[in-house]
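Read off the chains here:
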Amino acid sequence: MTTTDETRPARPAGRPRSAKAEKAIIEAALDLISESVSLSELSIEAVAARAGVGKTTIYRRWSSKEDLVVDALATLKAPIPPLEGRTVRADLAAYLEVIGREAYDVRSRCVMNIAMNEADRHPQLVERIRQAVIRPRQEALRALLRRGIETGELRPDLDLPVAMATVVGSMMWYVKSAGSGEGGEHPEDLVERLVDHLMAGLAPR
């Protein structure tokens, strides 16, 4: 039987193949970054080789290595879930749960490592990473603390930058110094214990 346009099977849509390539490229970039390849050493050629695609496939999606790095690192940070606002204590616990989960993931830690260690060599790129990945989390925490001041749950003289550093730093210190390390999990009651101590210092005296 002769195949006609009406009997020929429809060609599969191109988007799934494109999405698959994009995922492979993102994963390859993240793998290379997490393997201690510095931003200076990371190359489009290396990403293409790891992802099994051609360089042109990458450049069709990202105009530069910097654009790829920003998008790749942004995938590591899921949006902070809506903080319900019933109490500051409950919202702090929800926030710390997210920070804690990410702190145990070697890829997620790449964001902070780059932000802290690569700023001198790549100031513009690091600033883009901070804007895309870190600042939204900082703003969510700042809004949480401001709401607590307005409701009277937190001290009116609270130093917001110091309070923010204390909240995030408490979880990060535990993971790095006292936790179970990469791939581990913190004790089930850790968040509650941290919030108890945090609130002791943040709440009105």
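Residues numbered from 1 in each chain as written. Predicted model: local features only at pLDDT ≥ 70, side-chain atom pairs only at ≥ 80, totals over all residues. Heavy atoms only, no water.

K.L.:
Help me get a handle on the overall build of the protein, residues and values and all.
P.N.:
Looking only at helices and strands, the protein features nine helices and zero strands. Counted from the first residue to the last, the protein has its helices and strands arranged as α-α-α-α-α-α-α-α-α. Sequence separation of at least 24 residues holds for 67% of the intrachain contacts in the protein that already meet a minimum separation of 6. For the protein, the computed accessible surface area is about 12,000 Å², with 52% contributed by carbon and sulfur atoms. (Helix = DSSP H or I, 4+ residues; strand = E, 2+ residues; numbered from the N terminus. Contact = heavy atoms within 4.5 Å. Areas by Shrake-Rupley, 256 points an atom, 1.4 Å probe, with all protein chains shown as cover.)

K.L.:
A description of the packing of helix α4 (residues 65-74) against helix α7 (residues 123-151) should follow, citing residues and the corresponding values.
P.N.:
Relative to each other, α4 and α7 sit at 30°, their axes nearing to 10 Å. With respect to α7, the element α4 is oriented roughly parallel. The handedness of the crossing between α4 and α7 comes out as right-handed. Contacts between α4 and α7 pair Glu66, Asp67, Val69, Val70, Leu73 and Ala74 from the former with Leu125, Arg128, Ile129, Ala132 and Val133 from the latter. Looking at side-chain class alone, the contact of α4 with α7 contains eight nonpolar, no polar and three charged residues. (Axes fitted to C-alpha atoms, helices over the stretch in contact; angles between N-to-C directions. Parallel < 35°, antiparallel > 145°, perpendicular 65-115°, else oblique. Left-handed = near helix turned anticlockwise from the far one by under 90°. Nonpolar A, V, L, I, M, F, W, Y, C, P; charged D, E, K, R; others polar.)

K.L.:
Requested: an account of the packing of helix α5 (residues 88-103) against helix α9 (residues 190-202), with residues and values cited.
P.N.:
Where α5 meets α9, the closest approach of the two axes is 10 Å, and the angle between their N-to-C directions is 130°. The angle between the axes of α5 and α9 places the two elements in the oblique class. The handedness of the crossing between α5 and α9 is right-handed. Contact residues: α5 offers Val88, Arg89, Leu92, Ala93, Leu96 and Glu97, while α9 offers Val191, Glu192, Leu194, Val195, Asp196, Leu198, Met199 and Leu202. Across the contact of α5 with α9, the residue classes tally to ten nonpolar, no polar and four charged.

K.L.:
Talk me through the confidence of the model for the protein; I want residue IDs and the actual numbers.
P.N.:
The predicted model of the protein averages 83 in pLDDT, with 86% of residues at 70 or higher. Summarising per-element confidence for the protein, the mean pLDDT is lowest in helix α6 (residues 106-117) (74) and highest in helix α2 (residues 44-51) (95). Of the regions scoring below 50 in pLDDT, residues 1-16 engages in three contacts with residues more than four places distant in sequence or in other chains. (pLDDT = per-residue confidence, 0-100.)

K.L.:
Tell me about the pattern of salt bridges, and please be specific about residues and values.
P.N.:
This model, assessed by the stated rule, comprises 13 salt bridges. Linking arginine 61 and glutamate 22 is a salt bridge whose minimum nitrogen-to-oxygen distance equals 3.6 Å. On the criterion of sequence distance, the pair formed by arginine 61 in the loop between α3 (55-59) and α4 and glutamate 22 in helix α1 (residues 15-34) is long-range, its members being 39 residues apart. The exposure class of arginine 61 is partly exposed, given its relative accessible area of 25%. With its nearest N and O atoms 2.9 Å apart, the salt bridge here joins arginine 128 to aspartate 67. Separated by 61 residues along the polypeptide, arginine 128 in helix α7 and aspartate 67 in helix α4 bring together distant segments of the chain. Of the residues examined, arginine 128 reaches a relative accessible area of 38% and is grouped as partly exposed. Among the charged side chains, a salt-bridge network with shared partners connects Arg89, Glu192 and Asp196. (Salt bridge = Lys/Arg side-chain N within 4 Å of Asp/Glu carboxyl O. Buried < 20%, exposed > 50% of the residue type's maximum accessible area, 1.4 Å probe, protein only.)

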